[in-house]
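# Structural characterization, general
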Amino acid sequence: MKRSTFAMLTALVFTACTTAQLNQTMSEVNKALNTEKPLTTAEVGEGLKEALVKGISNGSDMASQLDGYFKNPKIKIPFPPDVKKVEDKLRQIGLGSEVDKFILTLNRGAEDAAKEAKPIFVNAIRQMTIQDAWSILRGSDNAATEYLKRTTSAQLREKFQPVIASSLSKVNATKYYSDLVTQYNRIPFVEKVNPDLNDYATTKAMDGLFLLIADEEKKIREDPVARTTELLKRVFGSKQ
């Protein structure tokens, strides 16, 4: 592909364009490439959404597999840090194995909940407009991840909370944690902590999932050649 054609594509993606400008630039690119069937802005938008769906699916799948959280140091959920003194004390008196089981349960709950995330993310991407897609491409390195946070966080929390609550309740972790911090909060002059374990676990699970999605978004931006459909080949093939 000639350098001038690549320059046109770069300008198309990374500058604010009107619909007329987008169509004109796409027309010039198609002429330069001499493609059999001209690309349209709609096809480009759909191709970009397909790429995002693929990357987001990969992130969700990684989080939901066994040890997806527990053995990934980047997203592993630790004992709640605001009650770290409680953890330390339990380990000091010989209950370290119980603490470890508790941490494992937290992460198993997150892994179970992550299975509910994929269809929510895919639906959000499918509802994106062409303008949304262009804005994401022209945006920051985590523009797609931020878009998903804005459009899916409420739904994710609704899905995550009952799954995590169920997992924690199996071993009475929620009650055990609540009792511990309630006793701690009764100590005079200490800074109060949040006894809502489910809220903590849900928030950390969502944070970890979005971190993985941000990693996948980076891959898409740096190497958008993972095209598994004809549409992706046509759209991203024009950048070669």
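Quick caveat, the model's predicted, so the values are computed rather than measured.

Attention now goes to the overall build of the protein chain. In terms of helices and strands, the protein chain carries 11 helices and zero strands. Each helix (α) and strand (β) of the protein chain, taken in turn from the N terminus, gives the series α-α-α-α-α-α-α-α-α-α-α. Pairs at least 24 apart in sequence give 78% of the contacts found in the protein chain among residues at least 6 apart. Looking at the protein chain as shown, the accessible area adds up to about 13100 Å², and 54% of this sits on carbon and sulfur atoms.

Before going further, it helps to examine unusual backbone geometry. Here Asp 67, not a glycine, exhibits a phi torsion of approximately 70°, which is positive. Positionally, Asp 67 belongs in the loop between helix H3 (41-64) and helix H4 (84-92). The class for Asp 67 is buried, based on a relative accessible area of 18%.

Among the nonpolar cores identified, the biggest contains 53 residues, and Tyr 69, Phe 121, Leu 148 and Phe 160 are the most heavily contacted of them. Counting residues per element, the ones that place at least two in this core are H3, H4, helix H5 (96-114), helix H6 (117-126), helix H7 (130-138), helix H8 (143-169), helix H9 (173-185) and helix H10 (197-222). With sequence-adjacent residues up to four places away left out, Leu 148 is seen in contact with Ile 56, Phe 121, Ala 124, Ile 125, Ser 153, Phe 210 and Ile 213.

What follows deals with the packing of aromatic side chains. According to the stated counting rule, one finds three aromatic pairs in the structure shown. Judged by centre distance (6.3 Å) and plane angle (15°), the rings of Phe 102 and Tyr 177 are stacked. Here the residue Phe 102 occupies a position in helix H5, and Tyr 177 occupies one in helix H9, the gap between them amounting to 75 residues. Pair check on accessibility: Phe 102 and Tyr 177 agree, each one buried. A connected cluster of aromatic rings, assembled from ring pairs, spans Phe 79, Phe 102 and Tyr 177. Between the NZ or CZ atom of Lys 76 and the centre of the ring of Phe 70, over which it lies, the distance is 4.5 Å.

Attention shifts here to H9. Its 13 residues give H9 an end-to-end C-alpha distance of 18 Å, which sits within 8% of 18 Å, the value for a rise of 1.5 Å per residue. Residues of H9 that are buried include every one of Ala 173, Tyr 177, Leu 180, Val 181, Tyr 184 and Asn 185, and no others. All buried residues of H9 lie within an arc of 135° about the axis, which places them on one face of the element. The inward-facing, buried residues of H9 abut H4, H5, H8 and H10.

Mapping Ser 64 onto the fold places it in helix H3. Only 3.2 Å separates the side chain of Ser 64 from the backbone oxygen of Asp 61, close enough to count as a polar contact. Residue contacts for Ser 64: discarding those within four places in its chain leaves Glu 111, Ala 114 and Lys 115.

Right, let's talk about the packing of H5 against H8 for a bit. Two elements in contact, H5 and H8, have axes whose closest approach is 8 Å; the angle formed by their N-to-C orientations is 145°. Judged by the twist between their axes, the crossing of H5 over H8 is right-handed. Where H5 approaches H8, its residues Thr 105, Leu 106, Arg 108, Gly 109, Ala 110, Asp 112, Ala 113 and Ala 114 are matched on the opposing element by Phe 160, Val 163, Ile 164, Ser 167 and Leu 168. In terms of residue class, the contact of H5 with H8 is built from eight nonpolar, three polar and two charged.

Okay, the pattern of salt bridges next. All told, the structure shown has 14 salt bridges when counted by the stated rule. The partner of Asp 215 in a salt bridge is Lys 74, and the shortest N-O contact between them spans 2.7 Å. Remark: Lys 74 occurs in the loop between H3 and H4 and Asp 215 occurs in helix H10; sequence separation between them is 141 residues. Linked through salt bridges whose partners overlap, the residues forming this network are Asp 67, Lys 71, Arg 108 and Glu 111.

Thresholds applied
Residues numbered from 1 in each chain as written. Predicted model: local features only at pLDDT ≥ 70, side-chain atom pairs only at ≥ 80, totals over all residues. Heavy atoms only, no water. Helix = DSSP H or I, 4+ residues; strand = E, 2+ residues; numbered from the N terminus. Contact = heavy atoms within 4.5 Å. Areas by Shrake-Rupley, 256 points an atom, 1.4 Å probe, with all protein chains shown as cover. Buried < 20%, exposed > 50% of the residue type's maximum accessible area, 1.4 Å probe, protein only. Core = buried A, V, L, I, M, F, W, Y, C linked by side-chain atoms within 4.5 Å. Phe/Tyr/Trp six-rings, centres within 6.5 Å; stacked < 30°, edge-to-face > 60°. Lys NZ or Arg CZ within 6 Å of the ring centre and 35° of its normal. Expected span 1.5 Å × (residues − 1). Arc of directions from axis to C-beta. Polar contact = N/O pair within 3.5 Å; in protein donor to acceptor, adjacent residues only side chain to side chain. Axes fitted to C-alpha atoms, helices over the stretch in contact; angles between N-to-C directions. Left-handed = near helix turned anticlockwise from the far one by under 90°. Nonpolar A, V, L, I, M, F, W, Y, C, P; charged D, E, K, R; others polar. Salt bridge = Lys/Arg side-chain N within 4 Å of Asp/Glu carboxyl O.

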